[in-house]
Amino acid sequence: GAGVSQSPSNKVTEKGKDVELRCDPISGHTALYWYRQSLGQGLEFLIYFQGNSAPDKSGLPSDRFSAERTGGSVSTLTIQRTQQEDSAVYLCASGHIFYEQYFGPGTRLTVT
Amino acid sequence: GENVEQHPSTLSVQEGDSAVIKCTYSDSASNYFPWYKQELGKGPQLIIDIRSNVGEKKDQRIAVTLNKTAKHFSLHITETQPEDSAVYFCAASRADTGTASKLTFGTGTRLQVTL
């Protein structure tokens, strides 16, 4: 079946601009996660959504980062006033059973 | 919070040999330990996982062992093939029934299988 999809696959933006990254989870999955993968920091958790519960935002690095999940499905990660240190691959994962997380291909963000 | 250490950072084996990657974790409350394989330009792919109520799990050429007392777990790949070449990540989480939980990842092991 269809896996997690993310768009765009690549995004180049100028410092100071806002960007939106999109995630389409596997149909029926109640949990959705965002992670960031960078050379210096490895894979780090950003935020997750679980059903109708309040999201866990504990991994967001600054208030320039925000995310929403509409209708319990699609999620958008927004980065305002991008900085060069935001350059990374942003990965989305979704899960149906309580444990497993399945990742999408990621969005590679480059801030120039 | 949880801290996961992974060794080695790089591993080169000959085709047909076995490969072992080891991870340790710090939070004794962690109860779920997945392993991911990541190929260049792709997202991490879940290849095997283990929960804290078992000590070993096997799936064809891949096995994972867990030692809760020592807080370490390992990935074992037997009869390695060139297509096993990738970066492997271990992770840990405290997953409660009905509750999603974030993964804390190790720093990755680049496995190269040579002919």
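Everything below is about the structure shown above.
Residues numbered from 1 in each chain as written. Chains lettered and ligands numbered in written order. Predicted model: local features only at pLDDT ≥ 70, side-chain atom pairs only at ≥ 80, totals over all residues. Heavy atoms only, no water.

Asker: What should I look at first to understand the side chain of A:Arg64 in this one?
Answerer: All names here are of chain A. Considering the arrangement of structural elements, one finds Arg-64 in the loop between strand E5 (42–50) and strand E6 (65–69). Note on Arg-64: relative accessible area 12%, which makes it buried. Engagement of the side chain of Arg-64 in a polar contact is seen with the side chain of Asp-86, the distance being 2.8 Å. The contacts of Arg-64, once residues within four sequence positions are left out, are Thr-78, Ile-79, Gln-80, Arg-81, Thr-82, Gln-83 and Asp-86. (Helix = DSSP H or I, 4+ residues; strand = E, 2+ residues; numbered from the N terminus. Buried < 20%, exposed > 50% of the residue type's maximum accessible area, 1.4 Å probe, protein only. Polar contact = N/O pair within 3.5 Å; in protein donor to acceptor, adjacent residues only side chain to side chain. Contact = heavy atoms within 4.5 Å.)

Asker: Looking at this structure, I do not really get the layout of surface pockets. What am I missing?
Answerer: If a probe as big as a water molecule is rolled over the atoms, it shows which places are left empty. One number sums up the size of the largest pocket: a volume of about 840 Å³. A:Gln37, A:Leu39, B:Gln38, B:Leu40 and B:Arg110 are, among the 33 residues lining the largest pocket, the residues nearest its centre. Of all the elements in the fold, those that place two or more residues in the lining of the largest pocket are strand E4 (31–38), strand E8 (88–95) and strand E10 (107–111) of chain A together with strand E9 (86–92) and strand E11 (109–114) of chain B. Looking at the lining of the largest pocket residue by residue, the class counts come to ten nonpolar, 19 polar and four charged. Of all the secondary structure elements, the ones that give two or more residues to the lining of the second largest pocket are E5 of chain A together with strand E10 (104–105) of chain B. (1 Å grid on protein atoms, 1.4 Å probe; cavity = no way out; pocket = protein on both sides within 12 Å on 5 of 7 lines; lining within 4 Å. Points joined across faces, edges and corners; volume = space filled by probe spheres on them. Nonpolar A, V, L, I, M, F, W, Y, C, P; charged D, E, K, R; others polar.)

Asker: Looking at this structure, how should I read the sheet that holds strand E6 (residues 56–59) of chain B?
Answerer: The strands making up a sheet associate through hydrogen bonds between their backbones, and the pairing can be parallel or antiparallel. All names here are of chain B. Ordered by their spatial adjacency, five strands build an open sheet running E1-E3-E8-E7-E6, and the pairing between neighbours is antiparallel. Strand pairing shows two members of the sheet lacking a second neighbour, strand E1 (4–7) and E6, which therefore form its edges. The mean angle between the axes of side-by-side strands here comes to 15 degrees, regardless of whether they run parallel or antiparallel. Where E6 and strand E7 (residues 62–67) come together, four bridges link them in antiparallel fashion. Residue pairing in the sheet places Lys-57 in a bridge with Val-64 of E7. (Pairing = 2+ DSSP bridges. Axes fitted to C-alpha atoms, helices over the stretch in contact; angles between N-to-C directions.)

Asker: Is there a simple way to explain the sheet that holds strand E7 (residues 75–79) of chain A in this structure?
Answerer: Residues and elements named next belong to chain A. The four strands are arranged E1-E3-E7-E6 in an open sheet whose pairing can be described as antiparallel. On the outer flanks of this sheet lie strand E1 (5–7) and E6, each paired with one strand and no other. Adjacent strand axes in the sheet meet at a mean angle of 15 degrees, parallel and antiparallel pairs treated alike. Bridge count between E6 and E7: five bridges; the pairing is antiparallel. What sits directly across from Ser-66, in E7, is Thr-78.

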